[in-house]
Amino acid sequence: MKKRIAIVLLVLAIIPATLAASTPIFQLGPYVAYNKTVVDVKDEGVDVLNLHNLSFGADIRINPGKWFSIDIPATLGFGVGSGEKGFSIGVIPTLNLNIPVYITDGIGLDIAIGAGTQFEFVNADKQWTMNGFPFSNAGEAFSGMNLVYRAGVTLNLTFIGISVNAVVPCEGPFSSDDIGDIFTPGWESTRFSAAVLFNFG
């Protein structure tokens, strides 16, 4: 009974803070993703000094309203293909439901939960592929993608936002015969990322 009362009081406290919060319309900034999964981290530990474990890029976030956002992080990688002169572009667009929380003037917290998918474009040996398939097999490339879930927290400090995120791919691709696998999170493949965002609007 006491737990239920505490939860109700917490919700009642958050509602006015949420209504008072404001969210930037557009956010853009540098982005870094840790390439190791939670299983890798557990087995090998965290080695953030090894640049091979990190991907760098940019994060674009569009907030049409305080309750909804579109997040598009993109990273650029090098050294793929037989000659190791190729490069890759990774993009994970997600649609998110937001819970903005007002802290004080100019400072707010944004909690986001959403879903999307992952694109990996690779140029190796002068050939482009998407998610491992040549562009001519775009249908297979799309059906072979996985649904991903995203959870993120952003601390907005007037014109700068500091964001940490977790991305969890599902166990099976869209083409899987097991519908459960399409929507079941593969927790062991969770990866983390962070971004510093410049706020506009």
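Residues numbered from 1 in each chain as written. Predicted model: local features only at pLDDT ≥ 70, side-chain atom pairs only at ≥ 80, totals over all residues. Heavy atoms only, no water.

A.B. asks: Would you mind showing me how to read the overall build of the protein chain here?
C.D. replies: Summing up its helical and strand segments, the protein chain has four helices and twelve strands in all. By sequence separation, contacts in the protein chain at least 24 residues apart represent 59% of the contacts at least 6 residues apart. Of the accessible surface of the protein chain, which amounts to about 11,900 Å², a share of 69% is contributed by carbon and sulfur atoms. (Helix = DSSP H or I, 4+ residues; strand = E, 2+ residues; numbered from the N terminus. Contact = heavy atoms within 4.5 Å. Areas by Shrake-Rupley, 256 points an atom, 1.4 Å probe, with all protein chains shown as cover.)

A.B. asks: Would you mind showing me how to read the pattern of salt bridges here?
C.D. replies: When their charged atoms lie close together, side chains carrying opposite charge are able to pair. Per the counting criterion, the structure on display carries three salt bridges. A salt bridge links Arg61 to Asp59; the nearest nitrogen and oxygen atoms lie 3.2 Å apart. For Arg61, a relative accessible area of 2% translates into the label buried. Taking relative accessible area as the criterion, Asp59 reaches 0% and is therefore assigned buried. Across the pair Arg150 and Asp71 runs a salt bridge, and its minimum N-O distance is 3.3 Å. Residue Arg150 is located in strand β10 (residues 146-157), and its partner Asp71 is located in strand β3 (residues 68-80); the two are separated by 79 residues in the primary sequence. (Salt bridge = Lys/Arg side-chain N within 4 Å of Asp/Glu carboxyl O. Buried < 20%, exposed > 50% of the residue type's maximum accessible area, 1.4 Å probe, protein only.)

A.B. asks: Looking at this model, I keep getting lost on a negative patch on the surface. Mind explaining?
C.D. replies: Among the surface-exposed residues, Glu171, Asp177, Asp178 and Glu188 lie close enough to one another that they form a single negatively charged patch. Along the chain, the position of Glu171 falls in strand β11 (residues 160-173). (Patch = residues over 30% accessible without salt bridge, like charges linked within 9 Å, V, L, I, M, F, W, Y side chains within 5 Å. Lys, Arg positive; Asp, Glu negative; His and termini not counted. Charge placed at Lys NZ, Arg CZ, Asp CG, Glu CD.)

A.B. asks: Explain the packing of aromatic side chains to me, please; I cannot follow it from the model alone.
C.D. replies: Given two aromatic rings, one states the distance between the centres and the angle between the planes to describe the pair. Per the counting criterion, the structure on display carries six aromatic pairs. Both rings, one in Phe119 and one in Phe142, keep their centres 6.1 Å apart while their planes meet at 80°; by these two values the pair is edge-to-face. Residue Phe119 is found in strand β7 (residues 119-124), and its partner Phe142 is found in helix α3 (residues 138-143); the two are separated by 23 residues along the sequence. We classify Phe142 as partly exposed; its relative accessible area is 40%. Through pairs of rings, three or more aromatic residues link up here, namely Phe87, Phe119, Phe121, Trp128, Phe135 and Phe142. (Phe/Tyr/Trp six-rings, centres within 6.5 Å; stacked < 30°, edge-to-face > 60°.)

A.B. asks: Would you explain the side chain of Gln27 in this entry?
C.D. replies: Locating Gln27 in the fold gives a position in strand β1 (residues 26-34). A distance of 2.7 Å separates a polar atom in the side chain of Gln27 from a polar atom in the side chain of Asn199. Once residues within four sequence positions are removed from consideration, Gln27 is found in contact with Asp59, Ile60, Arg61, Asn63, Thr154, Asn156, Leu197, Phe198 and Asn199. (Polar contact = N/O pair within 3.5 Å; in protein donor to acceptor, adjacent residues only side chain to side chain.)

A.B. asks: I keep staring at the nonpolar core and nothing clicks. Help me out?
C.D. replies: One broad rule of soluble globular proteins: the nonpolar side chains tend to lie buried together. Of all hydrophobic cores here, the largest spans five residues; its members are Val91, Phe119, Met130, Ala141 and Met145. Excluding anything up to four places from it in sequence, Phe119 contacts Ile89, Gly90, Val91, Pro93, Met130, Asn131, Phe142 and Met145. (Core = buried A, V, L, I, M, F, W, Y, C linked by side-chain atoms within 4.5 Å.)

A.B. asks: I tried to follow a nonpolar patch on the surface on my own but got confused; where do I start?
C.D. replies: A surface patch of nonpolar side chains, about 700 Å² in accessible area, is lined by Ile25, Phe26, Leu28, Ile60, Ile62, Phe159, Phe198 and Phe200. Structurally, Ile25 can be placed in the loop between α1 (2-20) and β1.

A.B. asks: Could you clarify how one ought to interpret the confidence of the model for the protein chain in this entry?
C.D. replies: Any region with low pLDDT has predicted coordinates that should not be read closely. Per-residue pLDDT for the protein chain has a mean of 84; in total, 81% of the residues score no lower than 70. Within the model, pLDDT remains below 50 along residues 10-15, and this stretch shows zero contacts once partners closer than five positions in the same chain are excluded. (pLDDT = per-residue confidence, 0-100.)

A.B. asks: Before we go on, may I ask you to explain the pairing of β10 in this structure?
C.D. replies: For a regular strand, the rule is simple: side chains alternate between the two faces of the sheet. Pairing between strand β6 (residues 107-117) and β10: eleven bridges, direction antiparallel. Residue pairing in the sheet places Gly108 in a bridge with Asn156 of β10. Here eleven bridges tie β10 to β11, and the two strands are oriented antiparallel to one another. Bridging from a neighbouring strand, Leu157 pairs with Ile160 of β11. The antiparallel hairpin formed by β10 and β11 contains two residues in its connecting segment, where Thr158 sits at a positive phi of about 60°. (Pairing = 2+ DSSP bridges.)

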